[in-house]
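Now for the letters of each chain:
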Amino acid sequence: MTDTTTDTTTTAAPPGYVHGYSGREARRLGDQADALADLLHAGTSYPAGSRVLEAGCGVGAQTVHLAARSPGAHVTAVDVSAASLAQARARVAARRPGARVEWRRADLFDLPFGDAVFDHVFVCFVLEHLRDPGGALAGLRRVLRPGGTLTVIEGDHGSAFLHPDSAHARAAIGHLVALQAAAGGDALIGRRLRPLLADAGYTGIAAGPRTVYTDGDRPGLAEAFTRDTFTAMVAAVRGDAVAAGLATPADWDRGVADLHRAAGPDGTFHYTFFKATAVNPG
């Protein structure tokens, strides 16, 4: 594994990220990646010697699984946040010692690579935070060789539903969507992956849902995803939602409590991620 992080960006600070950069958020991202690894990474592995760009690696939660499933590939992991890259490097060193990963600090819209230098590009939970996701996808074609593949995974908060149903929980989820939109992102982007890829000039597009469902017969998944991933994500923006006047503290807390109940023995929870693959026609 490369021991240095190259900094090639002039960006003064990372772009807006509605979930924040706390240690708690880093742990949540790791919990999410581990809980969903089989669901989201199934079908994704790269041949030995192939050059893979992970665009927007964050704290390395997905990098660990990329390295595990493609041990012979050469991964270049890029993020705009130096702090996130430091965490990513430490995470991969601990979980996948010896993994072939090069770390680069760079802006996704100004990548410091030549044309057609990568065989594959992997993008996970990144487009939802960008003001111009279509522009980012189009820009990635420059560094992807003709015939190379792009894989993208995103969620869609509009796909969340639970039992017992709760107007307070649904409202809290809706407020999170609104906060992300105000920050320039789109928490409903999963449903748009295929049109975005087509508009960016990719061909051979295959898109489809990857659904998570938890109930009393899946207590481990309910704990790891419904409670520790999704509910934790909603709960973390309480201060912002209350400050923005979207909810009262009492209403927000009721919504979060109802999400916790959905993770209990008598509850159920459903969420859909979307995964798409595409080819750069050159």
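Residues numbered from 1 in each chain as written. Predicted model: local features only at pLDDT ≥ 70, side-chain atom pairs only at ≥ 80, totals over all residues. Heavy atoms only, no water.

Draft legend 1. Molecular detail of the nonpolar core. By size, the foremost hydrophobic cluster in this structure holds 43 residues, and its most contacted members are F230 and V234. A per-element tally of this core places helix α5 (residues 167–182) first, with five residues. For V234, the contacting residues outside a window of four places in its chain are A172, I173, L176, W252, V256 and L259. Counting residues in hydrophobic clusters, the runner-up holds 29 residues, among them V121, L130, L144 and L193. (Core = buried A, V, L, I, M, F, W, Y, C linked by side-chain atoms within 4.5 Å. Buried < 20%, exposed > 50% of the residue type's maximum accessible area, 1.4 Å probe, protein only. Helix = DSSP H or I, 4+ residues; strand = E, 2+ residues; numbered from the N terminus. Contact = heavy atoms within 4.5 Å.)

Draft legend 2. Looking closely at the side chain of H41. Structurally, H41 is set in helix α1 (residues 23–41). A distance of 2.7 Å separates polar atoms of two side chains, one belonging to H41 and the other to Q62. When residues no more than four places from it in sequence are discounted, the contact partners of H41 are L36, Q62, H65, L66, R69, F122 and K275. (Polar contact = N/O pair within 3.5 Å; in protein donor to acceptor, adjacent residues only side chain to side chain.)

Draft legend 3. Focus on the confidence of the model for the protein chain. Looking at the protein chain, the pLDDT average stands at 91 and 89% of residues meet or exceed 70. Counted against residues more than four places away or in other chains, residues 8–15, with its pLDDT under 50, gives 16 contacts. (pLDDT = per-residue confidence, 0-100.)

Draft legend 4. Local environment of the packing of α5 against helix α9 (residues 249–262). Put simply, α5 and α9 touch, their axes get as near as 7 Å, and they point 105 degrees apart. One finds that α5 runs roughly perpendicular with respect to α9. Contact residues: α5 offers H168, A169, A172, I173 and H175, while α9 offers D251, W252, R254, G255, D258 and L259. For the contact of α5 with α9, the class distribution of residues is five nonpolar, three polar and three charged. (Axes fitted to C-alpha atoms, helices over the stretch in contact; angles between N-to-C directions. Parallel < 35°, antiparallel > 145°, perpendicular 65-115°, else oblique. Nonpolar A, V, L, I, M, F, W, Y, C, P; charged D, E, K, R; others polar.)

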